[in-house]
Amino acid sequence: MSSSGTYELLCLENPLLDIQAQGDEALLEKYGLKPNDAILAEEKHMGLYEELMKGRDAKLLAGGAAQNTARGAQYLLPADSVIFIGCVGNDKYADILRDANKQAGLKVNYRVDEEQPTGRCGVVITGHNRSMCTDLAAANCYKIEHLKENWELVEKSKAYYVGGYHLTVCVPAVMALAKEAAKENKPFILSLSAPFIPQFFKDPVDQTAPYWDYVIGNETEATSYADSHDLNTHDIPTIAKHLANLPKENSKRKRTAIITQGTDPTVIAVQGEDDVRSFPVHPIGKSEIVDTTGAGDAFAGGFFAGVAKGEKLETCVDMGSWLAALSLRELGPSYPFPKKAYGSA
């Protein structure tokens, strides 16, 4: 907690250990994976983790989308500005996550499940693609009771960021944060997270929608939302405008919809405004890209660090793009240390 006794940002989602390794077409085919996707593991995927660990020299990295975003926001904010909440197992993998977060200066308050192991995400890298397959395990055991027991953290936080992946876990906890945000006029932020969230978890997405002050996603998540809501368009500015202008609970804040498009410009629509704006990303040479895992999480971390600092929209986008470019040059969803200051090359 900062010296003022508050957190700039509280993030809720699924803390995961990334088991990341180079793969090939045969490996993707064996487990029925697309080269660039994010899915929840089924029984047929359970052999993947062992195969990555034993046969492919996997790296173990701290993952979980909103946890990556939380580390990113903390990277740009004063010490003890961000806290992350989720559920882990009582095992050495949870300790790896704690150590990584400690190094990044991120505070965490985990619920510890005594039965399930810490959740894991198999990340199969092929070229500049990454296929993610998540076995939630303990992350799926988050309970609203934990949030209620730690409600003072909620009260002491100035904004709430929820990763859409948590809509598969504990909707009551997400709604508790959403309603508190509206009541106290604090920003509530939702990430769409992956195409399957608006596709297969449409009802909880729609339940949270009136509370979104910010909604963020990439172009495939946006088109998935458009398909599941019968918008009959894949035009990104049109989808952004639709998201921005959905009915809204807290009328004191205009909703902002942010859609990233990889190396193409980021598209932003603001509630009630006709113009949909477009912002180019920080250019990065293909040869400089080490790993695309977590680049979108990094963008969100930079963007919402800017929001926390009260920066104008253009600056928030630039901070997101800058941090994403840094992340692309690192292995896994991480950032360079010693820290670089925003604006430096």
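Structure: above.
Residues numbered from 1 in each chain as written. Predicted model: local features only at pLDDT ≥ 70, side-chain atom pairs only at ≥ 80, totals over all residues. Heavy atoms only, no water.

*Asks:* Whenever I open this one, the pairing of strand β10 (residues 188-191) confuses me. Can you help?
*Replies:* On a regular strand, one side chain projects to one face of the sheet and the next to the other, so that they alternate. Residue alternation in β10 divides its side chains into two sets, Phe188 and Leu190 and Ile189 and Ser191, and both sets are buried. Of the pairings in the sheet, the one linking strand β9 (residues 160-163) to β10 comprises 4 bridges and is parallel in character. From the neighbouring strand, Val162 faces β10, where its bridge partner is Leu190. Once the chain exits β9 it traverses helix α7 (residues 171-184) before rejoining the sheet at β10, and the crossover so formed is right-handed. (Buried < 20%, exposed > 50% of the residue type's maximum accessible area, 1.4 Å probe, protein only. Helix = DSSP H or I, 4+ residues; strand = E, 2+ residues; numbered from the N terminus. Pairing = 2+ DSSP bridges. Right-handed = clockwise from strand over helix to strand, strands pointing away.)

*Asks:* Honestly, the environment of Pro210 in this entry has me stumped. Any pointers?
*Replies:* By the element assignment, Pro210 lies in the loop between α9 (202-208) and β11 (214-218). In this structure, Pro210 is in contact with Pro247, Lys248, Glu249, Asn250 and Arg255, ignoring residues within four places of it in sequence. (Contact = heavy atoms within 4.5 Å.)

*Asks:* When you look at the packing of aromatic side chains in this model, what are you seeing that I'm missing?
*Replies:* What the rule picks out here adds up to 11 aromatic pairs. Judged by centre distance (5.6 Å) and plane angle (40 degrees), the rings of Tyr75 and Tyr335 are tilted. Of this pair, Tyr75 sits in helix α3 (residues 65-76) while Tyr335 sits in the segment after α13 (313-328), placing them 260 residues apart in sequence. Assigned by exposure class, Tyr75 and Tyr335 land together as buried. (Phe/Tyr/Trp six-rings, centres within 6.5 Å; stacked < 30°, edge-to-face > 60°.)

*Asks:* Can you help me understand the sheet that holds strand β1 (residues 9-12) in this one?
*Replies:* Sheet strands line up and pair through hydrogen bonds in the backbone, either parallel or antiparallel. Taken in spatial order, the 9 strands make up an open sheet running β6-β5-β1-β9-β10-β11-β12-β13-β14, and their pairing is mixed. Because the sheet does not close on itself, it has two edges, and the strands there are β6 (107-113) and β14 (277-279). Adjacent strand axes in the sheet meet at a mean angle of 20 degrees, parallel and antiparallel pairs treated alike. In this structure, β10 lies alongside β11, joined through 3 bridges in parallel fashion. Its bridge partner lying in β11, Ser191 is registered against Ile216. (Axes fitted to C-alpha atoms, helices over the stretch in contact; angles between N-to-C directions.)

*Asks:* I would appreciate a short explanation of the nonpolar core in the present structure.
*Replies:* The tendency in soluble globular proteins is for nonpolar side chains to be buried side by side. Tyr142, Leu177, Phe188, Trp212 and Leu243 are the most contacted members of the largest nonpolar core, which has 59 residues in total. The element contributing the most residues to this core is α7, with 8 residues. Discounting residues that sit within four places of it in the chain, Phe188 has contacts with Tyr160, Val162, Val174, Leu177, Ala178, Ala181, Tyr211, Trp212, Asp213 and Tyr214. Judged by nonpolar contacts, the second largest core, of 53 residues, contains Tyr75, Tyr214, Ala300 and Leu326. (Core = buried A, V, L, I, M, F, W, Y, C linked by side-chain atoms within 4.5 Å.)

*Asks:* Before we go on, may I ask you to explain the state of the cysteines in this structure?
*Replies:* In a disulfide, the sulfur atoms of two cysteines are held together by a covalent bond. Going through the model one piece at a time under the given rule, you end up with 0 disulfides. Unpaired in terms of disulfides, Cys87 finds its nearest cysteine sulfur in Cys141, a separation of 5.5 Å. For Cys87, a relative accessible area of 1% puts it in the buried group. Unpaired in this structure, Cys121 has its nearest cysteine sulfur neighbour in Cys133, at a distance of 7.4 Å. Taking relative accessible area as the criterion, Cys121 reaches 3% and is therefore assigned buried. (Disulfide = S-S within 2.5 Å.)

*Asks:* So what exactly am I meant to see when it comes to the packing of α3 against helix α4 (residues 92-104) here?
*Replies:* How two helices sit against one another is set out by the angle between their axes and by the gap between those axes. At a closest axis distance of 9 Å, the pairing of α3 and α4 adopts a crossing angle of 20 degrees. The angle between α3 and α4 falls in the class roughly parallel. On α4, the residues that touch Gln67, Arg71 and Gln74 of α3 are Leu97, Ala100, Asn101 and Ala104. Classifying every residue of the contact of α3 with α4 gives 3 nonpolar, 3 polar and 1 charged. (Parallel < 35°, antiparallel > 145°, perpendicular 65-115°, else oblique. Nonpolar A, V, L, I, M, F, W, Y, C, P; charged D, E, K, R; others polar.)

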